[in-house]
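Observations on the three-dimensional arrangement
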Amino acid sequence: MRYLKFSFFILFITIFTACDNNSGSEKVDFDREAFLINMADNVIQPSIESFASNAEGLSGATNSFNTNLSIESLNVLRTEFKEIWLSYQHLAFVHVGPVSSVNLRDRVNIFPTNTDLIEENINSQNYVLGSAANVAAKGFPALDYLLFGTGSTEEEVLAYFGDPNLGENRLQYLTDLVEDIQSTSNLMTEGWPDYRSTFVGNTGTDVGSGTSLLVNEYNFQFDIRIKNAKIGFPSGGNPRTGGVVSPQNVEAYFSAWSGELAEEAVKSSIAVFKGQHYNSSEDGLGLDDYLDAFDARDRNDELLSRSIINQSTAALEEMEKIESPYSEVATTEGSQLVNVYNALQAVIPLIKVDMTSALSVSITFQDNDGD
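For every chain, the first residue of its written sequence is number 1, and the numbers climb from 1 along that sequence. In keeping with the predicted nature of the model, local features appear solely for residues at pLDDT of at least 70, side-chain atom pairs appear and are counted solely at 80 or more, and the whole-chain, interface and lining totals rest on all residues. Hydrogens are left out, water is left out, and the side-chain values use all remaining heavy atoms of the structure.

Our focus in this paragraph is the overall build of the protein. Numbering of helices and strands runs from the N terminus, with a helix taken as a DSSP run of H or I at least four residues long and a strand as a DSSP run of E at least two residues long. If you tally the helices and strands in the protein, you get 16 helices and 0 strands. Radius of gyration (C-alpha) of the protein: 23 Å, near the 21 Å computed for a compact globule of 371 residues. The principal-axis extent of the C-alpha atoms belonging to the protein is close to 95 × 45 × 35 Å. Three labels apply to residues, based on accessible area from a 1.4 Å probe with only protein chains included: buried if under 20% of the type maximum, exposed if over 50%, partly exposed otherwise in between. Put simply, the protein has 371 residues, and 53% of those count as buried. A sequence separation of at least 24 residues applies to 75% of the contacts in the protein between residues at least 6 apart. Here the globule rule reads 2.2 Å times residues to the power 0.38, and the radius of gyration is calculated from C-alpha atoms. Should any heavy atoms of two residues lie within 4.5 Å, those residues are considered in contact.

Have a look at this one:
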């Protein structure tokens, strides 16, 4: 009897130590803490810093525009605006910690914007940008309307802000929008140092761990905000649209930057997946390395990491074929955007099913997409 008890004890210890205590998954030769440190210090923090720097630039350009309404100051403001919108595409993939607590995605990039509500707010001067009622009347899409949608020429936009009756109200609303973005940036910058140790220290894969948060936010941004919002819904490619196109619902409808922003978003997805240092070609430990440590394979027995990168690159190449603004393409050549949607959709089972299964991570968001 003693021998049987001892044998059972040895068997239990053997099985237990063959597993990762933090996640319950098979233990592999991969330094998860080093992975999280790379993501924290070389991907997330510099993304926040870049956004903050661009927010400062946007704020300064807005002040200059307010004091000197000119084509030159308008173009400088538009340039600064484009820079921060592009930098956001990267930060949205690491929507964790203070980025998540300020709800960056909903706070700065809900589109399409509600132009009627914007004008109502301007006329009444009775609004609270932080209220749920104004989520579609602020952020980048609202700036897109004010700086591009209020006139077909630069002169007309200047006249909109220089109007003797409503000009001051319009400039105030512009200023308030930018200040809201600036305060959001400050909260993220101030909050990251304290959160970093929590993020790096939780090396498991359970809900709330650094790895789980990264994988979930990566999936959410790719699936919901890129595949569906940027491409599927405006083009009619998503099954839920019934094939009905909505060109007015593209991101950056007024500035016609939809294609550039979408391409930057997919490029960012690849960079974040690879653990690539922000604004650098250097790769650190990323999700690709994590999957390779498991020798994770797709359904064709190819390395899963390589399949994810290749299919994301294929989607990017489909995007690069489109030269016209997405709003025009959705109307006249919708099949091009549908091709992009289908290429993006091919990535979803790789990251949402295969990757999560290999890493023992549960998807915690619901999309009700039906596909």
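Don't stop here, the text continues.
Attention now goes to the packing of helix α10 (residues 210–235) against helix α16 (residues 348–359). All axes are obtained by fitting lines to C-alpha atoms, using only the stretch in contact for helices, and the reported angles, taken between N-to-C directions, cover 0 to 180 degrees. Axis separation between α10 and α16 bottoms out at 10 Å; the angle between their running directions is 170 degrees. Comparing their axes, α16 and α10 come out roughly antiparallel. The segment α10 lies against α16, with V215, Y218, N219, F222, D223 and K227 engaging I348, I351, K352, M355, T356 and L359. Roughly parallel means an angle under 35 degrees; roughly antiparallel means over 145; roughly perpendicular covers 65 to 115; every other angle is labelled oblique.

With that settled, the discussion passes to helix α13 (residues 304–320). Helix span, expected: 1.5 Å multiplied by one less than the number of residues in the helix. End to end, α13 covers 24 Å across 17 residues, agreeing with the expected 24 Å (1.5 Å per residue, within 8%). Buried within α13 we find L304, S305, S307, I308, I309, S312, A315, L316 and M319. Structurally, α13 contributes buried residues whose contacts are with α10, α11 (258–273), α12 (287–293), α14 (326–332), α15 (334–345) and α16.

Further remarks concern the confidence of the model for the protein. Known as pLDDT, the predictor's per-residue confidence is scaled from 0 to 100. Per-residue confidence for the protein averages 92 on the pLDDT scale, and 91% of its residues sit at or above 70. Between residues 1–25, whose pLDDT stays under 50, and residues either more than four places distant or in other chains, the model counts 17 contacts.

Attention shifts here to unusual backbone geometry. The amide bond that connects F111 to the next residue, P112, takes the cis arrangement and shows omega of 5 degrees. You can see P112 is positioned in the loop between α5 (104–108) and α6 (115–124). Positioned with a positive phi, Q125 is a non-glycine residue whose angle comes to about 55 degrees. Assignment of secondary structure puts Q125 in the loop between α6 and α7 (139–149). Located in the positive-phi region is A252, a residue other than glycine, with phi close to 55 degrees. Summarising the element assignment, A252 is placed in the loop between α10 and α11. You can call A252 buried: its relative accessible area is 5%.

As a further point, take the side chain of N134. With respect to the secondary-structure elements, N134 resides in the loop between α6 and α7. In this structure N134 comes out as buried when scored by relative accessible area, which is 5%. Pairing of N or O atoms within 3.5 Å defines a polar contact, subject to two protein rules: one partner must be a possible hydrogen donor and the other a possible acceptor, and residues neighboring in sequence count only if both atoms are side-chain atoms. In terms of polar contacts, N134 uses its side chain to reach the backbone carbonyl oxygen of V128, at 2.9 Å. If we ignore the near neighbours within four places in the chain, the residues touching N134 are L117, N121, Y127, V128 and L129.

This part covers the nonpolar core. Nonpolar side chains in soluble globular proteins tend to be buried together. Definition used in this section: a nonpolar core is a set of buried Ala, Val, Leu, Ile, Met, Phe, Trp, Tyr and Cys residues joined via side-chain atoms within 4.5 Å. In terms of nonpolar packing, the biggest core is built from 100 residues, with F81, L146, F199 and M355 touching the most fellow members. The biggest single contributor to this core is helix α2 (residues 32–67), with 12 residues. When neighbours within four sequence positions are excluded, L146 is seen to be in contact with I118, I122, V157, Y160, F161, Y173, L174 and L177.

Here the focus is the side chain of K138. For K138, the location among the structural elements is in the loop between α6 and α7. At 3.0 Å, the side chain of K138 and the backbone oxygen of L129 are in polar contact. Among all residues touching K138, those that are not within four sequence positions of it are D106, R107, L129, G130, L177 and D180.

Only rings of Phe, Tyr and Trp enter the pairing, Trp through its six-membered ring, and a pair is recorded when the two centres are within 6.5 Å. The plane angle decides the type: under 30 degrees is stacked, over 60 is edge-to-face, the rest tilted. Evaluated as defined, the whole model comprises 23 aromatic pairs. For the pair F51 and F140, a centre-to-centre distance of 6.4 Å together with 55 degrees between the ring planes defines the contact as tilted. Taken together, the positions of F51 in helix α2 and F140 in helix α7 put the pair 89 residues apart, joining distant regions of the chain. Judged by centre distance (5.2 Å) and plane angle (90 degrees), the rings of F220 and F365 are edge-to-face. Pair noted here: F220 is in helix α10 and F365 is in the segment after α16, with a separation of 145 residues, a long-range link. The buried category is assigned to F365, whose relative accessible area is 15%.

Quick look at the environment of G243 now. Tracing the backbone through its elements, the reader meets G243 in the loop between α10 and α11. Given a relative accessible area of 49%, G243 falls into the partly exposed group. For G243 and Q89, which are 154 residues apart along the polypeptide, the C-alpha to C-alpha distance reads 27 Å.

Before going further, it helps to examine the environment of G167. Looking at where G167 falls in the secondary structure, it is placed in helix α9 (residues 167–201). Linking G167 and V135, residues 32 residues apart in sequence, is a C-alpha distance of 23 Å. Contacts of G167, omitting those with residues within four sequence positions, involve Y160 and F161.

Attention shifts here to the pattern of salt bridges. Whenever a carboxyl oxygen of Asp or Glu lies within 4 Å of a side-chain nitrogen of Lys or Arg, that contact is scored as a salt bridge. Overall, the coordinates contain 12 salt bridges when judged by the stated rule. Salt-bridge contacts for K352 lead to D223; the nearest nitrogen and oxygen are separated by 2.9 Å. Within this pair, whereas K352 is found in helix α16, its partner D223 is found in helix α10, the two being separated by 129 residues in sequence. Classification of D223 as buried rests on a relative accessible area of 1%. Here K230 ties to E251 by a salt bridge, and the two come within 2.3 Å at their closest N and O atoms. Pair noted here: K230 is in helix α10 and E251 is in the loop between α10 and α11, with a separation of 21 residues, a long-range link. Exposure remark for K230: the relative accessible area of 3% places this residue in the buried category. Three or more residues joined by partner-sharing salt bridges are found here, namely D223, K227 and K352.

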